[in-house]
Amino acid sequence: MDKWDKRFMELAETVAGWSSCFQENRHVGAVIVRDKRILTTGYNGAPAGVKSCAERGECLRRKKNIPSGTMQEVCYAVHAEQNAIIQAAKLGVSLENATLYCTHQPCVICARMIINSGVKKVYYRHGYPDAFALQLFEEAGVSIERFEE
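Please read all numbers here as calculations on a predicted model, not as lab measurements.

Cut-offs applied
- Residues numbered from 1 in each chain as written.
- Predicted model: local features only at pLDDT ≥ 70, side-chain atom pairs only at ≥ 80, totals over all residues.
- Heavy atoms only, no water.
- Salt bridge = Lys/Arg side-chain N within 4 Å of Asp/Glu carboxyl O.
- Helix = DSSP H or I, 4+ residues; strand = E, 2+ residues; numbered from the N terminus.
- Expected span 1.5 Å × (residues − 1).
- Buried < 20%, exposed > 50% of the residue type's maximum accessible area, 1.4 Å probe, protein only.
- Disulfide = S-S within 2.5 Å.
- Lys, Arg positive; Asp, Glu negative; His and termini not counted.
- Polar contact = N/O pair within 3.5 Å; in protein donor to acceptor, adjacent residues only side chain to side chain.
- Contact = heavy atoms within 4.5 Å.
- Axes fitted to C-alpha atoms, helices over the stretch in contact; angles between N-to-C directions.
- Parallel < 35°, antiparallel > 145°, perpendicular 65-115°, else oblique.
- Left-handed = near helix turned anticlockwise from the far one by under 90°.
- Nonpolar A, V, L, I, M, F, W, Y, C, P; charged D, E, K, R; others polar.

Student: Explain the pattern of salt bridges to me, please; I cannot follow it from the model alone.
Tutor: Pairs may arise between side chains of opposite charge once their charged atoms sit close together. Summed over all chains, the structure comprises three salt bridges. A salt bridge links E13 to R125; its shortest N-O distance comes to 3.5 Å. Of this pair, E13 sits in helix α1 (residues 3-16) while R125 sits in strand β4 (residues 121-126), and the two are 112 residues apart along the sequence. For K121, the salt bridge identified is with E145, shortest N-O distance 3.7 Å.

As structure tokens, this is what we get:
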């Protein structure tokens, strides 16, 4: 890893701070880069026009006691990686051969989107209990690496 990797991961941490999720530990940020140029960013939060957990004053997942790494669909938020990919689609930006820096290991739903978007490398800082996502990345030939300083 070089100084650019560190800078892009720091930016992902900054972007995570924009999250509209109610719980601090659920603030996730993503930055997609190619040739040392930022293509898109994303953070987890409710879709446009939908109240976030912060606005509701509670986390739906915590309220229902849903364990981390399960039932990702029961949540108001769009994941950071998904928002970064959606932003690229809205702007007409290709992600072919790009690198994604994310504060947390992507879940299996995000892994599928990342694979199909053309991203070829993923760096993440914090683990996530989803071994199947790692299996899909390996099978698809997408490099995934935990960011260690």
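Now that the structure is up, let's keep going.
Student: In this structure, what is going on with helix α4 (residues 80-91)? I would like to understand it.
Tutor: Side chains of residues three or four places apart in an α-helix project in the same direction, reflecting 3.6 residues per turn. Counted at 1.5 Å a residue, the expected span for α4 with its 12 residues is 16 Å, and the 17 Å between its end C-alpha atoms agrees. Within α4, burial applies to A80, E81, Q82, A84, I85 and A88. Looking one or two residues beyond α4, the residue adopting positive phi is G92, at roughly 70°.

Student: I would appreciate a short explanation of the state of the cysteines in the present structure.
Tutor: Working definition of a disulfide: a covalent bond connecting the sulfur atoms of two cysteines. Evaluated as defined, the whole model comprises zero disulfides. Free cysteine C59: the closest other cysteine sulfur is in C53, separated by 4.9 Å. Summary of cysteine pairing: C75 is not part of a disulfide, and the nearest cysteine sulfur, belonging to C21, is at 5.6 Å. Given the relative accessible area of 24%, C75 is considered partly exposed.

Student: Looking at this structure, how should I read unusual backbone geometry?
Tutor: In most cases, non-glycine residues show a negative phi, while peptide bonds are predominantly trans. For D35, which is not glycine, the phi dihedral falls at a positive 55°. Within the secondary structure layout, D35 lies in the loop between β1 (29-34) and β2 (37-43). At N97, a position not held by glycine, the phi torsion is positive, near 60°. Along the polypeptide, N97 turns up in the loop between α4 and β3 (99-104).

Student: Help me understand the side chain of D130 in this model?
Tutor: As for its placement among the helices and strands, D130 is situated in the loop between β4 and α6 (131-140). It turns out D130 is buried and unbridged, and the closest side chain with the opposite charge, R112, is 7.8 Å from it. Here the side chain of D130 touches V108 through a polar contact of 2.8 Å, landing on its backbone nitrogen. Once you skip the residues sitting within four places of it in the chain, D130 turns out to touch Q72, Q105, C107 and V108.

Student: Would you explain the packing of helix α5 (residues 108-117) against α6 in this entry?
Tutor: A pair of packed helices can be characterised by two numbers: the angle between their axes and the separation between those axes. Across the interface, α5 lies against α6 with an axial gap of 8 Å and an inter-helix angle of 15°. Compared by their axis directions, α5 and α6 come out roughly parallel. You can see that α5 and α6 cross each other, and the crossing is right-handed. Contacts from V108, A111, R112, I114 and I115 in α5 reach F132, A133, L136, F137 and A140 in α6. Residue composition of the contact of α5 with α6, grouped by class: nine nonpolar, no polar and one charged.

Student: How should the environment of Y76 be read in this particular structure?
Tutor: Position of Y76 relative to the elements: it lies in the loop between α3 (60-63) and α4. For the pair Y76 and S52, spaced 24 residues apart in sequence, the C-alpha to C-alpha distance is 6.5 Å. Each residue touching Y76, except ones within four places of it in the same chain, is listed here: G45, A46, P47, V50, K51, C53, R56 and L60. Of the polar contacts made by the side chain of Y76, one reaches the side chain of R56; its length is 3.4 Å.

Worth remembering: the numbers are spatial, not functional.
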